[in-house]
Amino acid sequence: MKQPNIIFIMTDDHAAHAMSCYGSKINTTPNMDRIANEGMRFDNCFCTNSICAPSRAVILSGKHSHLNGVETLADNFDGRQQTFPKLLQTAGYQTAMIGKWHLGLGGNYDPTGFDYYCVLHGQGEYFNPIMKEQGIDKTFEGYATDIIGDMSIDFIKERDKSKPFLLMCHHKAPHRPWDPSEPYKDMYKDGDIPVPETFNDDYATRCDAAREATMTIESNFNYRDLKLIPPAGVNQFKMIALPDSLEGYTLTPRETGVPVSFNSYQELKNFKYQRYIKDYLRCVASVDDNIGKLLDCLKDEGIDEDTIVVYTSDQGFFLGDHGWYDKRFMYEESLRMPFVIKYPRAIKPGRISDKMILNLDFAETFLDFAGVEIPSDMQGKSFRQILEDENAPEIQTSMYYRYWMHLAHHYVWSHYGVRTKDYKLIYYYGDALGKTGAIDESKEPAWELFDLTKDTNELNNVYGNPDYAQIQEDLKKELYRLKEEAKDFE
Ligand code: CA
């Protein structure tokens, strides 16, 4: 079979539950849904480390964080190592990387394995970003999502038609600080976005890690996040602490300049949620538009049938779930990645799969479709068979997760764990490993166990419950088996 073109579209921090094809209650994403409708949606795609740079490094290398060298946000990706774009390039692909790289730049950290690259520095800016194009920094005028979308289309139109291509189109959106484009700034202006079921989670049965995390809607946003005018003399990046009393207390939106007062703390929390979620969804809307343009371009170029298109995000995100924003935790909203894929030559339209796939498996799958041998030191598995055959067997029924940045950001404890179809066991091992400026403070290790068959919201930690004694023991065995299989001996 002819080698397919591969377009790998990835965003930053876009949770599956903010996509209409995944049943979003808060927005619609017609163009992302097109990929799902013309191809396939995966309901159990998970990341092995729910944070930006580490997930990207896993995807490029097909290896877990501790083997690709990017365990934390402070680690850069050594471009001399094996990656799937390099292997595709060697196999005759024209390769391009456009948008968010976030794996370090300069020296051995510039993107490698690409015939063309143009990438944001670090997180990048939403407006008029500086991007490094083929080794040279340039300022690009406009909105980052549109710039990355347009550049991707230009690459497709100007491609070398004698070769198949790999295009990595990686948007910055909808990452914090959630700056929408001009046409979308008034979207959702009227009315409230519904809050999630677990908005007022009190973490009653969970261990201290959940209670201590500083990523709450209630009190961990700054003025910049919520586009509020800080009081005189206050830096916009200062967290907006909860006031002792609401009497005389106001917050002032930038766009109106009119102070808003609150009758209750719940009203204040909802106000913050609305400010956050509306901008987040506005950023998603721009991504969706640009995906639409790119899909149209494939049809115009007559290469729709020959092209694999993937849409995913580097990890999930809390959209007010458990009272939080951000990610990092192994809980479902953060662990789950959206993953939709189309390839008319091999994938039947409208399929939905609950089979477990991981970011660790992407590299292997792309190589498989390109007819390139999968290196034996890659740690994931190709799911090509699942894409091509409805009756294909599972490639895995359990997965290993590890978050390394102990207390580094949002005071989230480091942890590792196992998820199976029905259960999740998390071990907060409590060590201060001195990673990424981590606070040098050890925590008392703690466990959490969730029965996902009854408790999809993970509100009821059943660790230590005698009814789950056998399950708990089996999961521990599976956790240590997976840890060893992943060659994570630390
Ligand atoms: Ca991210």
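Now for a quick tour of the structure.

Procedures and definitions
Residues numbered from 1 in each chain as written. Predicted model: local features only at pLDDT ≥ 70, side-chain atom pairs only at ≥ 80, totals over all residues. Heavy atoms only, no water. Donors = N, O, S within 2.8 Å, 3.2 Å for Na, K, Ca; no water. Tetrahedral: all angles 85-135°; square planar, octahedral: opposite > 155°, others 65-115°. Helix = DSSP H or I, 4+ residues; strand = E, 2+ residues; numbered from the N terminus. Buried < 20%, exposed > 50% of the residue type's maximum accessible area, 1.4 Å probe, protein only. Pairing = 2+ DSSP bridges. Axes fitted to C-alpha atoms, helices over the stretch in contact; angles between N-to-C directions. Contact = heavy atoms within 4.5 Å. Disulfide = S-S within 2.5 Å. 1 Å grid on protein atoms, 1.4 Å probe; cavity = no way out; pocket = protein on both sides within 12 Å on 5 of 7 lines; lining within 4 Å. Points joined across faces, edges and corners; volume = space filled by probe spheres on them. Nonpolar A, V, L, I, M, F, W, Y, C, P; charged D, E, K, R; others polar. Expected span 1.5 Å × (residues − 1). Salt bridge = Lys/Arg side-chain N within 4 Å of Asp/Glu carboxyl O.

Re the coordination of the calcium ion
For a metal with four donors in a tetrahedral arrangement, the ideal angle between donors is 109.5 degrees, while six donors in an octahedron ideally sit at 90 or 180 degrees. Of the protein atoms, only Asp 12 (OD), Asp 13 (OD), Cys 52 (SG), Asp 314 (OD), Asp 314 (OD) and Gln 315 (OE1) coordinate the calcium ion, at distances of 2.2 to 2.7 Å. Relative to the metal, the six donor atoms surrounding the calcium ion lie at angles of 52 to 163 degrees, and the coordination shape comes out irregular. Read N to C, the donor residues that coordinate the calcium ion are spaced as D-D-x38-C-x261-D-Q. Here the residue Asp 12 occupies a position in the loop between β1 (5-11) and α1 (30-38), and Asp 314 occupies one in the loop between β10 (307-313) and α8 (332-335), the gap between them amounting to 302 residues. Summarising the burial analysis for this pair, Asp 12 and Asp 314 share the class buried.

Let's talk about the sheet that holds strand β13 (residues 398-403)
Strand order in the open sheet made by the four strands is β13-β14-β15-β16, with antiparallel pairing throughout. Taken across any chain shown, the strands that pair with only one partner, and hence form the sheet edges, are β13 and β16 (446-451). Taking the axes of each pair of neighbouring strands and ignoring which way they run, one obtains an average angle of 10 degrees across the sheet. Alignment of strand β14 (residues 415-420) against strand β15 (residues 423-428), held across four bridges, turns out to be antiparallel. Across the sheet, residue Tyr 416 finds its bridge partner in β15, namely Tyr 427. Across the face of the sheet, helix α11 (residues 469-485) comes into contact with β13, β14, β15 and β16 while running at roughly 115 degrees to β14.

A few points about the state of the cysteines
Per the counting criterion, the structure on display carries zero disulfides. Free cysteine Cys 45: the closest other cysteine sulfur is in Cys 47, separated by 8.2 Å. The class of Cys 45 is buried, set by a relative accessible area of 0%. Its sulfur unpaired, Cys 169 is 11 Å from the next cysteine sulfur, which belongs to Cys 297. The class of Cys 169 is buried, set by a relative accessible area of 1%.

Side note on empty space enclosed by the protein
Enumeration according to the criterion identifies three cavities of 30 Å³ or more in this entry. Each pocket or cavity is described by its volume, and for the largest cavity that value is around 60 Å³. Looking at the lining of the largest cavity, the elements with two or more residues in it are β1, α2 (52-61) and β7 (165-170). With three residues, the top contributor of residues to the lining of the largest cavity is α2. Grouping the amino acids of the lining of the largest cavity by side-chain chemistry returns seven nonpolar, one polar and two charged. Space inside the second largest cavity adds up to approximately 50 Å³. Of all the elements in the fold, those that place two or more residues in the lining of the second largest cavity are α3 (65-68) and β13. In terms of residues, the lining of the second largest cavity owes the most to one element, β13, which gives three residues.

Structural notes on unusual backbone geometry
Excluding glycine, a negative phi dihedral is what most residues carry, and trans is how most peptide bonds are arranged. Along the chain, Ala 173 connects to Pro 174 via a cis peptide bond; the corresponding omega equals -5 degrees. Phi is positive for His 322, which is not a glycine, with a value near 60 degrees. Mapped onto the fold, His 322 is located in the loop between β10 and α8. Using a relative accessible area of 0% as the deciding quantity, one classes His 322 as buried. One non-glycine residue, Tyr 411, lies in the positive phi region at around 55 degrees. Assignment of secondary structure puts Tyr 411 in the loop between β13 and β14.

Observations concerning helix α5 (residues 144-157)
When the terminal C-alpha atoms of α5 are compared, their 20 Å separation across 14 residues agrees well with the 20 Å that a helix rising 1.5 Å per residue should span. Buried residues dominate α5, accounting for ten of its 14 residues. Residues of α5 that are buried in the fold lie against β1, β3 (94-99), β4 (116-120), β5 (130-133), β7 and α7 (265-300).

Side note on the sheet that holds strand β2 (residues 40-46)
Overall, mixed pairing links the ten strands, which are arranged β6-β5-β4-β3-β7-β1-β10-β11-β2-β12 in an open sheet. Sheet topology places β6 (136-139) and β12 (351-358) at the edges, where each strand pairs with a single neighbour. Neighbouring strand axes in the sheet, compared pairwise and without regard to direction, differ in orientation by 20 degrees on average. The sheet contact formed by β3 and β4 spans four bridges and is parallel. For Ile 98, the partnering residue across the bridge sits in β4 and is Cys 118. Where α1 meets the sheet, it contacts β2, β10 and β11 (339-342), and its direction lies at approximately 60 degrees from that of β11.

A few points about the pattern of salt bridges
Evaluated as defined, the whole model comprises 45 salt bridges. Between Glu 390 and Lys 348 there is a salt bridge, with its nearest N and O atoms 3.8 Å apart. Residue Glu 390 is found in the loop between α10 (384-388) and β13, and its partner Lys 348 is found in the loop between β11 and β12; the two are separated by 42 residues along the sequence. A relative accessible area of 47% places Glu 390 in the partly exposed class. Three or more residues are tied together by salt bridges with common partners; here these are Asp 179, Arg 224, Lys 227, Asp 279 and Arg 282.

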